[in-house]
Amino acid sequence: MNRNRYEPMLAKSAPAPFDSKDWIFEIKWDGIRAISYINDNLSIRSRNGKELVDSFPELEELKSLTHGAVLDGEIVVIRDGKADFQAVMERSRASTPRESSQMSHESPTTYVLFDILEKDGRPLVGLALHERKRVLKESVKEGKHIVLSVPVEKDGKVYYEAARAKGIEGIVAKKKDSPYESGVGSRSWLKVKKILSCDSVVFGYTEAREVD
């Protein structure tokens, strides 16, 4: 049983894409960030600690693909080759097991895994990212709804432009030798995305709530 509970490591913003042999680059997925704990039972927790397994029953297949692991990733609904944020949020609001099961067929999710924090009771957060990536690949099989993120090395500018050309929001740059800083916004992870702006007049507002 995993005794440790982890909070996701967060990325700071970068002003522009860049190239570096010391960094890797991954897609910035627009979904629900989730850390999963896989032993005899499965728990998948959102950033605010909400249990997500009942909302996404198709992700139960994770139990057959690894064991004794704590994994970090993003739950997304893929449509036309990119993540549909509204669709995955609708999935998370399912109120009954029947509704969750029905929606899992209509809008199936994909859990994109990009980090491993623990294996067989051994914390891995102190290892360099490139070492954690190696352990992740060795420890987890891919399935119908479970995939491993495939990073690109060095060529961040080209990768960013390719992502934008496909309508993807942006990329995340990660320093190869960085440890996993649970619950911390770190300069070792940098999100690079296009910021859209417009001039507007505010007539009212709705108070913000925490997104899972």
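Residues numbered from 1 in each chain as written. Predicted model: local features only at pLDDT ≥ 70, side-chain atom pairs only at ≥ 80, totals over all residues. Heavy atoms only, no water.

Looking at the overall build of the protein chain
Thought 1: In terms of helices and strands, the protein chain carries four helices and 13 strands.
Thought 2: Each principal axis of the C-alpha distribution contributes one length, and for the protein chain these read about 50 × 45 × 30 Å.
Thought 3: Long-range pairs, those at least 24 residues apart, make up 75% of the contacts in the protein chain with a sequence separation of at least 6. (Helix = DSSP H or I, 4+ residues; strand = E, 2+ residues; numbered from the N terminus. Contact = heavy atoms within 4.5 Å.)

Observations regarding the pairing of strand 3 (residues 32-38)
Thought 1: Extensive coverage of strand 3 is indicated by the burial of seven of its seven residues.
Thought 2: The alternating pattern of strand 3 places I32, A34, S36 and I38 on one face and R33, I35 and Y37 on the opposite face, and all of these are buried.
Thought 3: In the sheet, strand 3 pairs with strand 5 (residues 69-76) via seven bridges, with the strands oriented antiparallel. In the sheet register, I38 faces strand 5, and the bridge partner there is A69.
Thought 4: Linkage of strand 3 to strand 4 (residues 42-46), two consecutive antiparallel strands, is achieved through a turn of three residues. (Buried < 20%, exposed > 50% of the residue type's maximum accessible area, 1.4 Å probe, protein only. Pairing = 2+ DSSP bridges.)

As for the environment of R91
Thought 1: On the secondary structure map, R91 appears in helix 1 (residues 85-92).
Thought 2: Considering only alpha carbons, one finds R91 and L52, 39 residues apart in sequence, at a separation of 10 Å.
Thought 3: Ignoring anything within four residues of it in the chain, the contact list for R91 reads S55, F56, P57, E58, V77, S100, M103, S104, S107, P108 and T109.
Thought 4: Within polar-contact distance, the side chain of R91 engages the backbone oxygen of S107 at 2.7 Å. (Polar contact = N/O pair within 3.5 Å; in protein donor to acceptor, adjacent residues only side chain to side chain.)

Notes on the pattern of salt bridges
Thought 1: All chains considered together, the criterion is met by 15 salt bridges.
Thought 2: Close ionic contact of E169 with K28 constitutes a salt bridge, the shortest N to O distance being 3.2 Å. Of this pair, E169 sits in the loop between helix 4 (156-165) and strand 12 (170-175) while K28 is found in the loop between strand 2 (20-27) and strand 3, placing the two residues 141 residues apart along the sequence.
Thought 3: Here E169 falls in the partly exposed class, since its relative accessible area comes to 25%.
Thought 4: The class of K28 is buried, set by a relative accessible area of 18%. (Salt bridge = Lys/Arg side-chain N within 4 Å of Asp/Glu carboxyl O.)

Regarding the sheet that holds strand 11 (residues 152-154)
Thought 1: Read from one edge to the other, the open sheet built from five strands follows the order 1-13-12-2-11, with strand pairing classed as mixed. Two strands in the sheet have a free side with no partner beyond their single neighbour: strand 1 (10-13) and strand 11. When strand polarity is set aside, the average angle formed by the axes of neighbouring strands in this sheet is 40°.
Thought 2: On the sheet, helix 3 (residues 129-139) packs against strand 2, strand 12 and strand 13 (185-193) and is oriented at approximately 45° with respect to strand 2.
Thought 3: Along the sheet, helix 4 makes contact with strand 2, strand 11, strand 12 and strand 13, crossing strand 12 at roughly 155°. (Axes fitted to C-alpha atoms, helices over the stretch in contact; angles between N-to-C directions.)

Section: the side chain of S36
Thought 1: Counting through the fold element by element, S36 comes out in strand 3.
Thought 2: A polar side-chain atom of S36 sits 3.3 Å from a polar atom in the side chain of Y111.
Thought 3: When sequence neighbours within four positions are dropped, the list of residues in contact with S36 reads L42, S43, I44, L62, A69, V70, L71 and Y111.

What to know about the side chain of T66
Thought 1: Along the chain, the position of T66 falls in the loop between strand 4 and strand 5.
Thought 2: A relative accessible area of 7% places T66 in the buried class.
Thought 3: Only 2.9 Å separates the side chain of T66 from the backbone oxygen of S139, close enough to count as a polar contact.
Thought 4: Dropping the residues within four chain positions of it, T66 is found in contact with I38, L71, K119, S139 and V140.

All we've got here are geometric facts, nothing functional implied.
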